[in-house]
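Here's the letter readout for the chains.
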Amino acid sequence: MHQTMNGASPDRSGGRRARHQPVILRASSLMIGGALSVLLVSAVVPPIIADQSDRAVVNAPLTLLTAPIDGEVGPLSKQISNAVKPGDYLTRISNARVDESALIALEQKTSDARAKLEATKEKKASDEAYLKVLDTEISNQTETLRTQLQSQIVALRARVAEADSLSGAKKALVDRQSTLVARNAASMDMLNPTKAQYSAALHSAEAERAKLNQKIAQLDALQKGIFVGDDLVSTGTLVQKRRDISLDATRMAIEEKELTAALQDQQSLVDKERRRLASLADADVMISTPGTILSMGVTPGRRVNAGDALASLVDCDKRFVTAIFSYRQSQSMKVGTRVRIDNADFKSGIVEAILPKTTDKVDERYAVPFPQTERRELYAIITPDSRDSEAVSSEPVSTASETTPCTVGQWVTVTKDKALLPSMSVSWRHVENLLASSDTDEGPAAAERQESKRPTVPTSLLAALLFAASVAQRAIP
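Note that the structure is predicted; figures quoted are calculated from it, not measured. (Residues numbered from 1 in each chain as written. Predicted model: local features only at pLDDT ≥ 70, side-chain atom pairs only at ≥ 80, totals over all residues. Heavy atoms only, no water.)

Caption draft 1: Looking closely at the environment of Ser 53. Its place among the elements puts Ser 53 in strand β1 (residues 52–59). With relative accessibility at 5%, the residue Ser 53 sits in the buried group. Spatially, the C-alpha atoms of Ser 53 and Thr 415 are 6.5 Å apart, while their sequence positions differ by 362 residues. Aside from chain neighbours lying at most four places away, what touches Ser 53 is Ile 324, Phe 325, Val 412, Thr 413 and Val 414. (Helix = DSSP H or I, 4+ residues; strand = E, 2+ residues; numbered from the N terminus. Buried < 20%, exposed > 50% of the residue type's maximum accessible area, 1.4 Å probe, protein only. Contact = heavy atoms within 4.5 Å.)

Caption draft 2: Broad picture of the nonpolar core. Among the nonpolar cores identified, the biggest contains 17 residues, and Ile 138, Leu 212, Leu 222 and Phe 227 are the most heavily contacted of them. Of the residues forming this core, the biggest block, eight residues, is contributed by helix α2 (residues 101–182). Not counting residues within four places of it along the chain, the set of residues in contact with Ile 138 comprises Phe 227, Leu 238, Val 239 and Arg 242. (Core = buried A, V, L, I, M, F, W, Y, C linked by side-chain atoms within 4.5 Å.)

Caption draft 3: Structural view of the sheet that holds strand β4 (residues 83–84). As summarised here, the arrangement of the four strands in space is β2-β9-β7-β4, forming an open sheet in which the pairing is antiparallel. With one partner strand each, in any of the chains shown, β2 (62–66) and β4 form the two edges of the open sheet. Pairing of β2 with strand β9 (residues 309–314), which is carried by five bridges, proceeds in the antiparallel orientation. Looking at the pairing, Thr 63 lines up with Leu 313 of β9. (Pairing = 2+ DSSP bridges.)

Caption draft 4: Spatial organisation of the packing of α2 against helix α4 (residues 233–281). At a closest axis distance of 7 Å, the pairing of α2 and α4 adopts a crossing angle of 160 degrees. Looking at the two axes, α2 sits roughly antiparallel to α4. Note on packing geometry: the crossing formed by α2 with α4 is left-handed. Looking at side-chain class alone, the contact of α2 with α4 contains 21 nonpolar, 10 polar and 17 charged residues. (Axes fitted to C-alpha atoms, helices over the stretch in contact; angles between N-to-C directions. Parallel < 35°, antiparallel > 145°, perpendicular 65-115°, else oblique. Left-handed = near helix turned anticlockwise from the far one by under 90°. Nonpolar A, V, L, I, M, F, W, Y, C, P; charged D, E, K, R; others polar.)

Caption draft 5: Structural context of the confidence of the model for the protein. Scored by pLDDT, the protein comes out at a mean of 77, with 75% of its residues at no less than 70. Low confidence marks residues 1–10, where pLDDT is under 50. Its contacts with residues over four positions away, or in another chain, come to one contact. (pLDDT = per-residue confidence, 0-100.)

Caption draft 6: Here's a closer look at the pattern of salt bridges. In the structure shown here, the tally under the stated rule is 20 salt bridges. The residue Asp 345 makes a salt bridge to Arg 319 at a minimum N-O spacing of 3.2 Å. With Asp 345 in the loop between β11 (338–342) and β12 (348–355) and Arg 319 in the loop between β9 and β10 (320–326), this pair connects stretches of sequence that are 26 residues apart. One salt bridge connects Asp 385 with Arg 338, and the closest N-O pair in it is separated by 2.7 Å. (Salt bridge = Lys/Arg side-chain N within 4 Å of Asp/Glu carboxyl O.)

Caption draft 7: Layout of the packing of aromatic side chains. Considering all chains together, one arrives at four aromatic pairs under this definition. For the pair Phe 370 and Tyr 379, a centre-to-centre distance of 5.4 Å together with 70 degrees between the ring planes defines the contact as edge-to-face. Tyr 379 sits in the buried class, given a relative accessible area of 2%. Ring-pair connections join several aromatic residues into one group, and the members of that group are Phe 320, Tyr 366, Phe 370 and Tyr 379. (Phe/Tyr/Trp six-rings, centres within 6.5 Å; stacked < 30°, edge-to-face > 60°.)

Caption draft 8: Inspection of the pairing of β11 at higher detail. Where burial is concerned, the two faces of β11 differ: the one with Val 339 and Ile 341 is buried and the one with Arg 338, Arg 340 and Asp 342 is not. Bridge count between β11 and β12: three bridges; the pairing is antiparallel. Residue pairing across strands places Arg 340 opposite Ser 348, the latter belonging to β12. Between the antiparallel neighbours β11 and β12 lie five residues, among them Asn 343 with a positive phi of about 65 degrees. The pairing of β11 with strand β14 (residues 411–416) spans four bridges and is antiparallel. Residue Ile 341 lies in a different strand from β14, and its bridge partner there is Val 414.

Caption draft 9: The sheet that holds β14, seen in detail. Spatial ordering of the closed barrel is given by β1-β10-β13-β12-β11-β14, a layout of six strands whose pairing is antiparallel. The average undirected angle you get between the axes of adjacent strands in this sheet is 40 degrees. Relative to strand β13 (residues 377–384), β10 runs antiparallel, the two being bridged by six bridges. Counted as the bridge partner of Ala 323 is Ala 380 from β13.

Caption draft 10: Summary view of α2. The terminal C-alpha atoms of α2 lie 114 Å apart, and with 82 residues this matches the ideal 122 Å at 1.5 Å per residue to within 8%. Asn 184, located one to two residues past α2, shows a positive phi value of around 65 degrees. (Expected span 1.5 Å × (residues − 1).)

Caption draft 11: Here's a closer look at the packing of α2 against helix α3 (residues 188–223). Across the interface, α2 lies against α3 with an axial gap of 7 Å and an inter-helix angle of 160 degrees. On the basis of the axis angle, α2 is roughly antiparallel to α3. The element α2 and its partner α3 pack so that their crossing is left-handed. Looking at the contact of α2 with α3 residue by residue, the classes come out as 21 nonpolar, 11 polar and 11 charged.

This is the structure we're talking about:
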């Protein structure tokens with residue numbers, strides 16, 4: 001009987017194990033199916049009411065350093081590190097193929113204007129020299145004529161006085177003969193010739209007086225610069241010629257001023273063109289704004305066109321975090337809300353703006369493009385808290401900070417203060433890190449590497465399935 005009992009006990013224990021195996025398999029299937037369902041739902045359905053988002057990236061304003069001219073890039077400055085400030089030298093661009101046709105044309109016009117100005121100056125100098133000769137000749141002739149007129153006036157005055165004396169003598173003779181005739185001592189035949197001689201003497205005196213007045217008038221006109229009379233014809237011709245030469249000299253002086261002004265304008269254009277060509281031939285590229293060099297787009301010896309990007313700078317002092325949240329969070333994520341930031345060198349921040357969408361034109365102004373949103377999602381622009389940033393600035397956070405300046409482009413996790421509903425993707429990543437750390441012997445270093453790799457939902461799904469399978473295998477003896 002003892003043997004029978006001992007023989008039956010193995011059969012009963014084997015049947016009990018056989019009955020427990022389907023239960024364990026069903027439980028494992030339910031666990032795997034539940035995990036799969038939860039993962040699929042969390043992967044497909046967007047985080048509508050989650051207070052946490054891992055779709056956040058560190059960003060900063062971007063400034064492009066462009067080529068001012070066409071040419072070849074020279075050696076880059078060795079003194080330029082990642083951090084730069086205004087006035088730092090970056091490189092020099094040289095262009096040996098500058099078109100100088102405009103400068104040649106301007107120089108030709110300037111040469112023509114200068115030659116015309118010199119000819120005008122010579123003509124003006126010639127006129128002025130001729131005027132001096134004419135002035136000397138006119139002065140000499142005027143002085144000679146003045147002397148002659150004065151002597152003629154003296155002679156004519158003497159002749160007028162002589163004519164007056166003769167007319168007076170004739171008048172006395174006429175009066176005496178008239179008295180004799182009145183006394184019948186003489187006849188009229190003797191008186192008539194005497195009267196005729198007296199009349200002739202009077203006319204002669206008037207003629208001499210007229211000549212005297214004419215010479216006096218000529219002398220007075222000569223002193224006033226008026227040349228009239230036959231004796232002054234040659235001098236008057238010289239004076240007229242002097243007027244013509246003086247007018248020509250005046251015209252040459254006016255033309256000289258005009259040509260001088262035109263030459264100055266032309267020379268100014270030539271100087272500007274030379275400076276323009278000099279600026280096109282060589283140009284130094286200087287840093288205009290403070291920042292950190294993100295990338296260099298050229299190498300020494302490369303030919304670039306004006307406007308091509310040479311380097312990009314980010315302003316690390318103005319960095320911010322762009323996080324994507326649901327529209328349902330717009331009220332709780334209003335401007336001024338404080339949030340917590342993980343995986344960054346700053347631990348907190350303040351919501352500065354809420355943007356419903358962005359454009360490619362806006363993305364060009366920043367170091368990295370804004371993440372793509374789905375339906376009914378918005379952007380939260382978060383400014384780091386300067387106090388937290390200073391407190392943890394010396395702590396290394398990830399490898400992204402080693403390859404990009406001021407952690408630009410680093411993915412972070414943003415959580416509202418007093419958050420109730422976490423993001424499913426963040427939760428599953430923590431679960432995967434926990435599983436990876438428990439299944440491997442590498443310790444917390446593996447979890448830290450897994451955190452930096454940012455696993456996707458399918459990876460979390462695979463980890464969960466493997467965990468469930470391992471649990472089922474341990475449950476089955």
